[in-house]
Number of protein chains: 2
Amino acid sequence: MDFSSKLLENAVNEISQLPGIGKRTALRLALHLLRQPEENTSSLAEAITKLRSEIKFCKRCHNISDFELCEICKNPNRNPEVVCVVEDVRDVMAIENTSQFKGTYHVLGGKISPMDGIGPNDLTIHSLVEKVKSGTIKELIFALSSTMEGDTTNFYIFKQIEPFNVLTTTIARGIAVGDELEYADEVTLGRSIVNRIPFENSLKI
Amino acid sequence: MDFSSKLLENAVNEISQLPGIGKRTALRLALHLLRQPEENTSSLAEAITKLRSEIKFCKRCHNISDFELCEICKNPNRNPEVVCVVEDVRDVMAIENTSQFKGTYHVLGGKISPMDGIGPNDLTIHSLVEKVKSGTIKELIFALSSTMEGDTTNFYIFKQIEPFNVLTTTIARGIAVGDELEYADEVTLGRSIVNRIPFENSLKI
Ligand SMILES: [Zn+2]
Ligand SMILES: [Zn+2]
């Protein structure tokens, strides 16, 4: 692209570093900012700068937090003996939105993925194993996405904690509520049949 | 969404003010920044802040510029007597990419659009008419997108400058009617400039 301004070119280059945002979209966003009051741009810039420089990660569960301990870990009504293992903050938010879970979390920060150069030491697995060793956890719920990387990560953690006395479960895979059976993929449908539950149990939710 | 951090919530709210970016995408972008080195976020924040606070608009053609006069207006090889009227900076970039045009530009800053509350005074039409009055322009090429708003704007300007002795042309419609200029391929756009026709002729179709 042939920019008439170094300032514009630089802004477009920076914006297009963001994932999923190409040069054309970046240019559209930059020109949008130029049409808005200057305060809009400065509050956007300040918000992302503060986010990056001041954010903390909960020292117990590694969830994003503004304090040493996150709101969930701090909450006395949440059960620290039941720990749901998730990939990242978005999964915590998704599960919290269901209002179905009263335990706590452990945020791994990703999945083991040799293709992307992500090994166990790039994740918070060590800290999870230490928590299990210390005997504070009764149940560990695996809630990683059911991809090859998710399964690998589940299995790696499972092997690490096997010697210790902790119940290990995994969230049920099945047909989404409201989905037509005929459109479900075979693997999901297969699992939902194999892992069927007593009908009465489904009525309790 | 139920955020575990005010800093994150604030950043997501700010990012999702950008056009075409919803809360979910904004969250993905914010979490991406958190995984990158802090310098990435600060250089992004600095680039957009500087863009907004330091950008200038060329005092002759209203193109975006880092100086009083833009590179095109400053260039002695560009013909100031042939002026191409465009909506915004993206159109200047699109036409420059064709290398088919050796005149200069006049950037309107939009189109007349009563629906969006944009009238002639919100655009740089007055400054264009003054340039025509002063006799420095021999040919005015309309290169607005061929929408109802574009046609309205062309016609409004045409009526204003009709009393003065200036050739008025419009880029050839090799570009599909209703298409935005910036998405046209270079060859089509280049030809449409070379084959421009008198504006009056375009009214007959
Ligand atoms: Zn926590
Ligand atoms: Zn200029």
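Check the entry above for the structure.
Because the structure is predicted, anything quoted here is derived from the model rather than measured. (Residues numbered from 1 in each chain as written. Chains lettered and ligands numbered in written order. Predicted model: local features only at pLDDT ≥ 70, side-chain atom pairs only at ≥ 80, totals over all residues. Heavy atoms only, no water.)

**Overview of the interface of chain B and chain A**
- With 52 residues of chain B at the interface, the matching set in chain A holds 52 residues.
- Here chain B packs against chain A, burying approximately 5100 Å² in sum over the two surfaces, 69% of which is carbon and sulfur.
- Of all residues in chain B, Leu7, Leu34 and Arg52 of chain B bury the most surface against chain A, accounting for 14% of the area lost on that side.
- Summed over the shared surface of chain B and chain A, the result is zero salt bridges.
- Taken together, the elements giving at least two residues each to the side of chain B that touches chain A come down to helix H1 (6-15), helix H2 (23-35), helix H3 (38-54), strand S2 (64-65) and helix H5 (89-98) of chain B.
- At 14 residues, H3 of chain B tops the list of elements feeding residues into the side of chain B that touches chain A.
- For the side of chain B that touches chain A, the per-class residue count stands at 26 nonpolar, 14 polar and twelve charged. (Contact = heavy atoms within 4.5 Å. Buried area = accessible area lost by both parts, 1.4 Å probe. Salt bridge = Lys/Arg side-chain N within 4 Å of Asp/Glu carboxyl O. Helix = DSSP H or I, 4+ residues; strand = E, 2+ residues; numbered from the N terminus. Nonpolar A, V, L, I, M, F, W, Y, C, P; charged D, E, K, R; others polar.)

**Observations regarding the pattern of salt bridges**
Residues and elements named next belong to chain B.
- With the rule as written, the count across this model stands at 16 salt bridges over all chains.
- Across the pair Arg78 and Glu96 runs a salt bridge, and its minimum N-O distance is 2.8 Å. Of this pair, Arg78 sits in the loop between helix H4 (71-74) and strand S3 (79-86) while Glu96 sits in helix H5, and the two are 18 residues apart along the sequence. Here the two residues Arg78 and Glu96 agree in accessibility, since each one is buried.
- Put simply, Asp88 and Arg90 hold a salt bridge, and the shortest N to O gap is 3.1 Å. As far as the burial class goes, Asp88 and Arg90 line up, both buried. (Buried < 20%, exposed > 50% of the residue type's maximum accessible area, 1.4 Å probe, protein only.)

**A few points about the pairing of strand S3 (residues 79-86) of chain A**
Residues and elements named next belong to chain A.
- In this sheet, strand S4 (residues 103-107) lies alongside S3 in parallel orientation, the contact comprising five bridges. By the bridge assignment for S4, Val85 is matched with His106.
- Assessed by its sense of winding, the connection that carries the chain from S3 through helix H5 (residues 89-98) to S4 is right-handed.
- Taken together, the four bridges between S3 and strand S5 (residues 139-142) define a ladder with parallel strand orientation. Bridging from a neighbouring strand, Cys84 pairs with Ile141 of S5. (Pairing = 2+ DSSP bridges. Right-handed = clockwise from strand over helix to strand, strands pointing away.)

None of the figures reported here should be taken as evidence of function without further support.
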